[in-house]
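Residue strings, one per chain:
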Amino acid sequence: MKDGVSGWRLRVGTMGSLLAMACFFAASGDASGQAEISQAEISEAEISQAEISQAEKRTVELPAARMAYVEAGDREGRPVLFLHGIPTSSYLWRNVLPLVAAPGRRLIAIDFVGFGDSQGEGFGVAQQADHLAAFVERLDLKDVTLVTHDWGAGIGLIWASRHPERLRAFASMEGALPPVYPRPDLASFGKAAPLFTRLRDAESGPQAVLEDNVWVETILPASVIKPLGPEAFAAYRAPFPTPESRRPILDMTMSLPIGGEPAAVVAAYEEAAAWWLETGLPKLVLYADPGRLQPKALADWAAQNLKNVTTQPVGPGLHFIQEDSPEAIGRALDAWLAGLERNG
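This section reports on the structure supplied with the text. Bear in mind the structure is a predicted one, so any value in this text is a computation, not a measurement. (Residues numbered from 1 in each chain as written. Predicted model: local features only at pLDDT ≥ 70, side-chain atom pairs only at ≥ 80, totals over all residues. Heavy atoms only, no water.)

**Regarding the pattern of salt bridges**
Now for step 1: What the rule picks out here adds up to 16 salt bridges.
Now for step 2: The salt bridge partner of Lys57 is Asp117, with a shortest N-O separation of 3.0 Å. Taken as a pair, Lys57 in strand β2 (residues 57-62) and Asp117 in the loop between β5 (105-110) and β6 (119-120) lie far apart in primary sequence, 60 residues in all.
Now for step 3: Among the residues examined, Lys57 registers a relative accessible area of 1% and is labelled buried.
Now for step 4: The salt bridge partner of Lys142 is Asp140, with a shortest N-O separation of 4.0 Å.
Now for step 5: Taken together, the shared-partner salt bridges connect Lys57, Asp111 and Asp117 into one network. (Salt bridge = Lys/Arg side-chain N within 4 Å of Asp/Glu carboxyl O. Helix = DSSP H or I, 4+ residues; strand = E, 2+ residues; numbered from the N terminus. Buried < 20%, exposed > 50% of the residue type's maximum accessible area, 1.4 Å probe, protein only.)

Structure, rendered in C-alpha cells:
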C-alpha cells in the first residue's frame, strides 16, 4: 500500500428531559511511497492560517478505502486527530488547527470515507469506525488525542473503546455521545422529530438526502449563527454535486442508532458507552450557547457522570460551532492539550 499526496484545495465546484434539551435541530472536502509532504517544511512553532489552508492533503490506501487527510505540525509529535461528522469534512477544522499548533503536536484532520476527498466502500457508523481503525493502524498512531464533533464523536467513541491502548485523551464538542445516543425512538428528537422521521423513512429519506441535499443546503446553514460565506458554502457543497455522490450521507443517516436499529450499531454503541462511563482517560467537553446536540445541560451531565472530565464554554454557537466560535475552541483546546503535556 502507498501513501499519496495531493494538493489541499478548497474545492469550489437514554434520559428523557436531557434528550429533549439536546434536540439536534430544536430551532427550526501521485502515489509516492511514504515520501514526506512535498510542500515547504512547516514550522513546528508557527503554523499560520494560510499555511494550514495551503497544506498538502495526503491520502492513504486502506483495505476498503482511500482516505484523505490534512496533516501539519511536528511529524514526530504526539498525534491530535480531528474527526468531523455529517455532512462536513476536514475543512470544518480549518480555523481551529492554527490555534492548536505547537511544538510536539502532530495535527491530523481526516475526511471520513465518502466525505471530503475520501473514497471507498462502507459509509455507515460501524464501517466508518472500521475505516478509522485501519487509518490509525496504517499510520501507526499511538498516544492519540481525539478531537471530535457530531458523529465523529460517536465513531471515535466506538474506535476508542476497542483500542484504548492507542488513546491518550478525548475531546468533543456538539458530539453524539452518551446520554444522547442511542436514541430510544424518533420522538426523542423533540422538535426535530418530524425532520428525522423524514430522513429515516425508506421513501422520503432518499428524496430529502439525495435529491434535495437537505443536509448541506438546509441543515448546515440553519445550524450556525454566523452565515456561511460563499467560499465555505462552496467547499461544503463540493463533495456532493450529484444525488449519487450523496449516498454516503444517506447511509450514515440510516445507520444512526435510533429505536433499536440498526441492531449491530446499537450494540457497538452501547458497549462503547459502557466503557465511556468507566474509563478514567482525560476528557474535554466544549459547549456553545445555546448549542444543540451537546449544550450546557449535557456538559453538566458529563461533569457529574464521567471520570476525569473538563467542561468549558466557548461562546455563541448552534451545532457547527467551529464556524461560529473557532477562536474560542482553538484556545480552549490549546490550553487543555498544554495541561496534558505538563502532566507527561
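**Some details on the packing of aromatic side chains**
Now for step 1: Counted by the stated rule, this structure contains 11 aromatic pairs.
Now for step 2: When the centroid spacing of 5.2 Å and the interplanar angle of 85° are considered together, the rings of Tyr91 and Tyr236 count as edge-to-face. Of the two residues, Tyr91 sits in the loop between β4 (78-83) and α3 (97-100) while Tyr236 sits in helix α9 (residues 230-237), which places them 145 residues apart along the sequence.
Now for step 3: Its relative accessible area of 3% is what places Tyr91 among the buried residues.
Now for step 4: Since its relative accessible area comes to 2%, Tyr236 is described here as buried.
Now for step 5: Judged by centre distance (4.9 Å) and plane angle (70°), the ring pair of Trp151 and Tyr181 falls under edge-to-face. Separated by 30 residues along the polypeptide, Trp151 in helix α5 (residues 151-162) and Tyr181 in the loop between β8 (167-175) and α6 (193-200) bring together distant segments of the chain. Here Trp151 matches Tyr181 in class, with each residue buried.
Now for step 6: Among the aromatic residues, ring-to-ring pairing joins Trp151, Tyr181, Phe189, Phe196, Trp215 and Tyr269 into one connected group.
Now for step 7: In this structure, Arg183 packs its charged tip against the face of Phe189, placed 4.1 Å from the ring centre. (Phe/Tyr/Trp six-rings, centres within 6.5 Å; stacked < 30°, edge-to-face > 60°. Lys NZ or Arg CZ within 6 Å of the ring centre and 35° of its normal.)

**Let's talk about the pairing of β5**
Now for step 1: Among the six residues of β5, six are classified as buried, and the element is accordingly described as predominantly covered.
Now for step 2: The two faces of β5 match: Arg105, Leu107 and Ala109 on one face and Arg106, Ile108 and Ile110 on the other face are all buried.
Now for step 3: Here strand β3 (residues 65-73) runs beside β5; their pairing, made up of five bridges, is antiparallel. Across the sheet, the residue bridging to Val70 is Ala109, located in β5.
Now for step 4: Taken together, the five bridges between β4 and β5 define a ladder with parallel strand orientation. From the neighbouring strand, Leu81 faces β5, where its bridge partner is Ile108. (Pairing = 2+ DSSP bridges.)

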